[in-house]
Amino acid sequence: MNTKQSRVEHPWQEFYGPNLGYAIELYEKYQEDPESVDPDMRQKFDQWGPPPSSQEVVETSGQPANLKKVISAVKLADNIRTYGHLAAAINPLSNEKSDQDFMTPQKYGLSDEDLKAIPAQVIWENAPDEVSNGLQAIQKLQDLYTKSMSYEFTHVHSDDERKWLDEMVENDSVSRTLTNDDRKELLRRLTEVEGFEKFLHKTFVGQKRFSIEGVDAMVPMLDDVIKCGTSDGAKNVMIGMAHRGRLNVLTHVLNKPYEKIFSEFHHAPNKELVPSEGSMGINYGWTGDVKYHMGADRKFEESDTAKATVTLANNPSHLEFVDPVVEGYARAAQETREEKGEPKQDFRKSFAILIHGDAAFPGEGVVAETLNLSQLKGYHTGGTIHIIANNQLGFTTESTDSRSTKYASDLAKGYEIPIVHVNADDPEACLAAMHLAYEYRMKFNKDFLIDLIGYRRFGHNEMDDPAVTQPHLYEKIKNHPTVRASYAKYLTEQKVIESGDGEKYDEEILAQLQEQYDKVAKGGEADTDVKELQPPKEIVKGIPTIDTSVPLETLKDINEKLLIRPDGFNVYPKLERILKRRLDMLEEGGKVDWALGETLAFASILGDGTPIRITGQDSQRGTFAQRHLVLHDKETGETFCPLHEIPQAESSFAIHNSPLSEASVVGFEYGYNVFAPETLVIWEAQYGDFANAAQVIFDQFVSAGRAKWGQKSGMVLLLPHGYEGQGPEHSSGRVERFLTLAAENNWTVANLTSAAQYFHILRRQAAILEKQEVRPLVIMTPKSLLRNQRTSSPGFEFSQGQFLSVVEQAGLGEKKTKVERIVLCTGKVAVDLAAEIESSDEKYDWLHVLRVEQLYPFPEDEVKKIFERYSNVKEIIWLQEEPKNMGAWNYIASRIHDSAPDGVSVNYVGRPDRSSPAGGEPNVHKKDQERIIQEVLEPSKTVSHQGGNRRD
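Residues numbered from 1 in each chain as written. Predicted model: local features only at pLDDT ≥ 70, side-chain atom pairs only at ≥ 80, totals over all residues. Heavy atoms only, no water.

### Some points on the overall build of the protein
The cut-off we apply is this: The helix count covers DSSP runs of H or I at least four residues long, the strand count covers runs of E at least two residues long, and both are numbered beginning at the N terminus. Burial classification: accessible surface area is computed with a 1.4 Å probe over protein chains only, and a residue below 20% of its type maximum counts as buried, one above 50% as exposed, and the rest as partly exposed. All accessible-area figures derive from a Shrake-Rupley calculation using a 1.4 Å probe, and residue coverage is judged against the displayed protein chains alone.
Scanning the protein for helices and strands turns up 36 helices and 26 strands. Considering the protein as a whole, with its 952 residues, one finds that 58% of them fall into the buried category. Of the roughly 39,500 Å² of accessible surface on the protein, 46% is carried by carbon and sulfur atoms.

Next up, the structure:
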């Protein structure tokens with residue numbers, strides 16, 4: 001019988017191979033109870049009868065094969081595919097093999113003769129032609145799955161993806177065909193990588209560099225994927241990585257000149273005086289950062305078809321927190337935003353490469369948060385290529401103490417990301433792994449992970465002695481040849497290079513490095529230019545006065561267009577009534593509430609040609625059901641965003657509900673904004689204190705990125721803040737933390753009390769996005785005030801004026817000589833105070849109230865001018881609802897002192913110091929709030945000085 005011909009003709013042909021045993025088991029169930037089998041399979045059994053192996057033995061050369069043997073052979077083959085990685089030669093420091101019983105035919109009751117009797121195609125459906133029987137099939141599969149590259153694909157649920165991955169391995173499509181010239185070039189590249197590290201080690205003894213040695217193959221891997229990507233039309237390749245190997249990647253992948261690296265080492269201070277992070281004074285901003293935190297850009301302009309930029313993102317010591325930032329870069333580079341509607345995304349325009357540490361990948365939660373973004377509509381980037389630079393050691397911590405999984409890569413399994421483990425001492429296998437990763441990304445637009453298993457030749461840094469904590473490991477590493485040396489030996493044995501050529505390459509590279517260093521050494525020590533340490537003058541001067549008004553007729557037209565729906569679109573009736581009420585808000589006697597003020601700001605900003613992207617947990621509807629920028633058809637569930645369709649829009653508008661994550665999402669939005677500086681990028685916390693979970697992003701990137709790296713950002717943070725008796729987790733946006741980080745005009749921190757103020761500050765922010773004056777904007781946004789009439793604004797406040805840093809309470813301070821007390825406050829407590837004053841019969845001639853709408857930079861000039869109007873003022877009070885050790889008091893006290901007239905006391909009124917930001921009992925909160933309001937409204941008593949300071 002012709003086996004292949006019979007397979008084609010037989011109706012059960014699709015069940016040859018791994019599915020054969022499964023079909024047989026199902027048929028046994030079908031015989032007992034047809035209803036227990038899936039309808040599709042039941043139909044096959046009804047039409048075709050039993051699978052051939054249960055009715056007639058599979059025949060080959062006229063010899064029968066035992067059904068049980070066939071099933072065992074199929075199981076053996078599947079186990080090789082599934083567990084082959086356990087027996088693979090993927091650890092360069094170990095020749096030990098794990099328990100390989102799962103690959104032994106005898107464990108399955110199979111002899112060589114049994115396997116020879118089974119056709120190869122029964123075990124392996126796509127066996128190559130030269131593999132004719134089961135024994136050859138098993139031996140070939142063992143070879144494919146246990147080399148220096150191994151695979152974990154079974155957690156990938158998609159049949160199409162898993163089948164493609166298996167076929168790539170089993171058809172040997174993973175391997176790259178390298179010519180002898182390719183191999184020589186690979187050896188030369190490895191020689192450059194190693195030579196650079198060796199030269200630094202002997203020339204700058206004891207200086208930290210976090211060398212790449214042990215995972216040297218990472219550089220040619222990056223070379224290869226960048227070349228493939230740019231050849232396929234990618235205009236941007238984004239790389240994120242921590243310290244390990246960063247200088248080598250900078251100089252060889254990003255083309256940072258050797259002499260510039262040497263200069264940074266040469267001009268470093270005495271290593272004994274250097275803090276834990278190494279040499280100082282590397283300035284791209286005005287305060288700078290250490291050299292192995294710095295990023296770079298490299299432009300490829302070799303031909304008209306391959307013009308591209310490779311970007312290595314700046315990254316502080318919080319290793320993995322750069323991951324979402326780089327994803328934001330990639331998304332921004334993939335989108336075009338010049339037309340109204342959703343931005344148009346093209347995955348081919350850009351892709352991200354993230355290089356992780358083996359301890360950090362499972363250890364830092366932001367990794368999981370970032371992986372979770374990969375398939376979400378608002379955040380996916382068409383697949384990221386991940387590399388774990390696996391040193392097998394985290395600082396001095398063994399893997400048994402740093403993770404609960406076998407592999408550092410196991411976290412990725414939960415996101416169905418294919419994983420390849422590859423021996424870093426086999427550079428050709430490393431290139432093959434990168435080839436597979438790139439092809440998968442291009443075909444399925446999903447993430448892929450390469451676990452590059454190597455070692456770390458020195459300690460965590462070059463000042464460490466790792467033998468203190470890992471004596472046996474480092475004895476092994478000391479005697480282990482470098483990948484360059486072993487590859488040169490291999491190429492010599494293969495007659496690709498002549499004996500001694502490897503050493504010749506090495507000498508040439510070291511001579512080149514010495515030549516570059518001599519140029520730097522002759523220059524001597526350079527003095528630091530003090531002028532370079534100052535912020536740009538545009539930053540120092542602050543935001544200029546900008547006309548942010550919009551004609552009232554334009555706003556009315558926008559407001560009408562916002563209510564136009566597609567034909568047949570059914571808005572939820574209750575919501576439609578609410579939205580239609582907005583039509584009257586701009587008319588005579590009407591007032592615009594917070595939500596409409598925001599929508600008008602967005603619409604007018606889009607009309608000016610500025611794209612907008614806003615994300616956050618529930619941002620489409622609004623946490624407090626106030627925004628409703630995405631409408632849902634009550635019949636079909638389809639969605640519609642009016643800001644996509646209004647005729648005034650000249651650019652794109654994106655709004656996405658984010659996952660329940662702060663660090664990754666804020667990092668993503670920051671990265672998006674850095675790479676798309678013309679876009680108004682907004683992140684909104686569900687409640688302000690949720691931002692706590694993104695503190696690293698605020699500390700290391702948003703607040704300091706420009707000072708450290710010259711990296712500009714104009715992103716906006718919306719942090720709902722206000723004390724309504726909702727307990728500690730739903731009260732405070734932690735304004736004190738943002739004020740603590742405020743310096744050098746690095747950002748604006750505001751706490752607003754009217755819709756018009758919000759409208760104008762958003763428009764002001766949009767207007768400075770691509771200017772030197774740009775900086776992030778942090779707004780403490782309201783909760784209960786969203787629907788408070790006292791925050792609504794008449795139409796003329798939108799069509800006139802601009803944002804005011806200080807707002808004076810209307811109806812107070814008119815009789816200047818009678819004013820003896822001035823109260824300064826911000827946000828919701830200012831509205832509570834206004835409500836109490838307006839509801840009282842008391843005449844408050846002796847009182848004036850100032851709302852400090854912009855906390856940082858503190859509006860000192862405006863406040864001073866107001867103080868000067870009141871010659872009889874005796875005391876100034878700062879009123880806040882937050883505890884004294886929180887809120888703005890510690891920041892603002894000295895600034896009020898500096899602005900106050902001589903002899904006027906400055907006092908604090910508010911809650912006392914607390915360890916928790918707010919109480920959990922609403923009634924207690926209400927009484928406390930009433931107390932602090934009454935305290936500032938009692939003229940006959942000396943104001944409580946708890947925590948206050950009297951100015952002498």
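Continuing now.
### Topic: the sheet that holds strand E19 (residues 748–751)
Sheets are built from strands that pair by backbone hydrogen bonding, the pairs being arranged parallel or antiparallel. Heads up, the rule is: The rule for pairing is simple: two strands pair if DSSP sees at least two bridges between them. All axes here are fitted lines through C-alpha atoms, helices being fitted over the stretch that makes contact, and every angle between N-to-C directions spans 0 to 180 degrees.
Read from one edge of the open sheet, seven strands run E16-E13-E17-E18-E20-E19-E24, paired in mixed fashion. Strands with a single pairing partner mark the edges of an open sheet, and in this sheet they are strand E16 (653–657) and strand E24 (854–856). The sheet shows a mean angle of 20° between the axes of neighbouring strands, direction not considered.

### Some remarks on unusual backbone geometry
Cis rather than trans, the peptide bond between Tyr-856 and Pro-857 has omega equal to -10°. For Pro-857, the position within the fold is in the loop between E24 and helix H34 (860–868). Backbone geometry places Asn-445, a non-glycine residue, at a positive phi of 55°. By secondary structure assignment, the location of Asn-445 is in the loop between helix H18 (427–444) and strand E12 (448–453).

### A few points about the nonpolar core
Let me state the cut-off plainly: We call a set of buried residues a nonpolar core when its members are Ala, Val, Leu, Ile, Met, Phe, Trp, Tyr or Cys and they connect through side-chain atoms within 4.5 Å of each other. Contacts are residue-level and defined by heavy atoms, with any inter-residue pair within 4.5 Å sufficient.
In terms of nonpolar packing, the biggest core is built from 104 residues, with Phe-262 and Leu-436 touching the most fellow members. If near-sequence neighbours (up to four positions away) are discounted, Leu-436 is found in contact with Tyr-151, Phe-153, Trp-164, Leu-165, Met-168, Val-174, Val-420 and Phe-448.

### Section: helix H33 (residues 828–839)
Every α-helical turn comprises 3.6 residues, leaving residues that sit three or four positions apart pointing alike. Condition: By this rule, a helix spans an expected 1.5 Å times one less than how many residues it contains.
The terminal C-alpha atoms of H33 lie 17 Å apart, and with twelve residues this matches the ideal 16 Å at 1.5 Å per residue to within 8%. All of the buried residues along H33 are Lys-828, Val-829, Ala-830, Val-831, Leu-833, Ala-834 and Ile-837. Against strand E22 (821–825), strand E23 (847–852), strand E25 (875–883) and helix H36 (922–936) lie the buried residues of H33.

### Overview of the pattern of salt bridges
Rules: When a carboxyl oxygen of Asp or Glu is within 4 Å of a side-chain nitrogen of Lys or Arg, the pair counts as a salt bridge.
As enumerated under the stated definition, the model contains 47 salt bridges in all. Here Glu-538 makes a salt bridge to Lys-537, at a shortest N to O gap of 3.6 Å.

### Section: the pairing of strand E17 (residues 680–684)
For E17, the tally of buried residues reaches five of five residues, placing the bulk of the element in the interior. A two-sided burial pattern is seen for E17, the buried positions comprising Leu-680, Ile-682 and Glu-684 on one face and Val-681 and Trp-683 on the other. Note that strand E13 (residues 612–616) and E17 share five bridges and pair parallel. Bridging from a neighbouring strand, Arg-613 pairs with Val-681 of E17. Bridging between E17 and strand E18 (residues 716–720) involves three bridges; their strand directions are parallel. Looking at E18, one finds that Trp-683 is bridged to Leu-717.

### Considering helix H27 (residues 663–675)
In a regular helix each residue adds 1.5 Å, so 13 residues correspond to 18 Å; H27 covers 18 Å between its end C-alpha atoms and thus fits that length. Buried within H27 we find Ala-663, Ser-664, Val-665, Val-666, Gly-667, Phe-668, Glu-669, Tyr-670, Gly-671, Tyr-672, Asn-673 and Val-674.

### Some thoughts on the packing of aromatic side chains
Convention followed: Each Phe, Tyr or Trp ring, with Trp reduced to its six-membered ring, pairs with another whose centre is within 6.5 Å; inter-plane angles below 30 degrees give stacked pairs, above 60 give edge-to-face pairs, and intermediate values give tilted ones.
According to the stated counting rule, one finds 34 aromatic pairs in the structure shown. Ring centres of Tyr-27 and Phe-45 lie 5.1 Å apart, and the angle between their planes is 70°; this geometry places the pair in the edge-to-face category. Of this pair, Tyr-27 sits in helix H2 (residues 19–32) while Phe-45 sits in helix H3 (residues 39–48), and the two are 18 residues apart along the sequence. Among the residues examined, Tyr-27 registers a relative accessible area of 14% and is labelled buried. Judged by centre distance (5.7 Å) and plane angle (80°), the rings of Phe-204 and Tyr-517 are edge-to-face. A residue pair is termed long-range when its members are at least 10 positions apart, and Phe-204 in the loop between helix H10 (180–203) and helix H11 (218–231) and Tyr-517 in helix H21 (residues 501–522) qualify at 313 residues. A relative accessible area of 7% means that Phe-204 is categorised as buried.

### Observations concerning the sheet that holds strand E10 (residues 384–390)
One open sheet holds the eight strands; their spatial order is E3-E11-E12-E10-E9-E4-E6-E5, and the pairing between them is mixed. The open sheet has two free edges, formed respectively by strand E3 (149–152) and strand E5 (296–300), since each of these has just one partner strand. Ignoring which end each strand starts from, the neighbouring axes of this sheet average 15° apart. Pairing of strand E4 (residues 236–241) with strand E6 (residues 308–312) involves four bridges; the strand directions are parallel. Each bridged residue has a counterpart across the sheet, and for Ile-239 the counterpart in E6 is Leu-312. Where helix H14 (residues 322–334) meets the sheet, it contacts E4, E6, strand E9 (350–357) and E10, and its direction lies at approximately 170° from that of E9.

### Here we look at the side chain of His-628
Stated formally: Here a polar contact is recorded for every N or O atom pair within 3.5 Å, except that within protein the pair must consist of a potential hydrogen donor and a potential acceptor, and residues adjacent in sequence are included only if both atoms are side-chain atoms.
Take His-628: it is sitting in the loop between E13 and strand E14 (631–632). One polar contact links the side chain of His-628 to the main-chain carbonyl oxygen of Ala-625, over a distance of 3.1 Å. If we ignore the near neighbours within four places in the chain, the residues touching His-628 are Leu-575, Leu-579, Gln-620 and Arg-621.

### What to know about the packing of helix H25 (residues 594–607) against helix H31 (residues 755–767)
Helix-helix packing is described using two parameters, namely the angle between the two axes and the distance between the axes. The condition is simple: Roughly parallel means an angle under 35 degrees; roughly antiparallel, over 145; roughly perpendicular, 65 to 115; everything else is oblique. Note: crossing handedness is left-handed where the near helix turns anticlockwise from the far helix by less than a right angle, and right-handed where it turns clockwise. Charged means Asp, Glu, Lys or Arg here, nonpolar means Ala, Val, Leu, Ile, Met, Phe, Trp, Tyr, Cys or Pro, and polar covers whatever is left, Gly included.
Direction vectors running N to C along H25 and H31 enclose 25°, while the axes themselves pass 8 Å from each other. As judged from the angle between their axes, H25 and H31 are roughly parallel. Where H25 crosses over H31, the handedness of that crossing is right-handed. Residues Trp-594, Gly-597, Glu-598, Leu-600, Ala-601, Phe-602, Ser-604 and Ile-605 of H25 form the contact with H31, whose own contacting residues are Ala-755, Tyr-758, Phe-759, Leu-762, Arg-763 and Ala-766. Among the residues forming the contact of H25 with H31, the class breakdown is ten nonpolar, two polar and two charged.

### Details of a negative patch on the surface
We apply this condition: A residue counts toward a patch only above 30% relative accessible area and without a salt bridge, and it is joined to like-charged neighbours within 9 Å or, for Val, Leu, Ile, Met, Phe, Trp and Tyr, to nonpolar neighbours within 5 Å. We count Lys and Arg on the positive side and Asp and Glu on the negative side, and we leave His and both chain ends out. Working definition for charges: the position is that of NZ of Lys, CZ of Arg, CG of Asp or CD of Glu.
Where like charges cluster on the molecular surface, the negative patch consists of Glu-25, Glu-28, Glu-32, Asp-33 and Glu-35. By the secondary structure assignment, Glu-25 is in helix H2.

### Notes on the side chain of Asn-133
Take Asn-133: it is sitting in the loop between helix H7 (120–123) and helix H8 (134–145). You can call Asn-133 buried: its relative accessible area is 14%. Here the side chain of Asn-133 touches Gln-136 through a polar contact of 2.9 Å, landing on its backbone nitrogen. The residues touching Asn-133, leaving out its near neighbours within four places in the chain, are Leu-115, Lys-116, Ile-118, Pro-119 and Ala-120.

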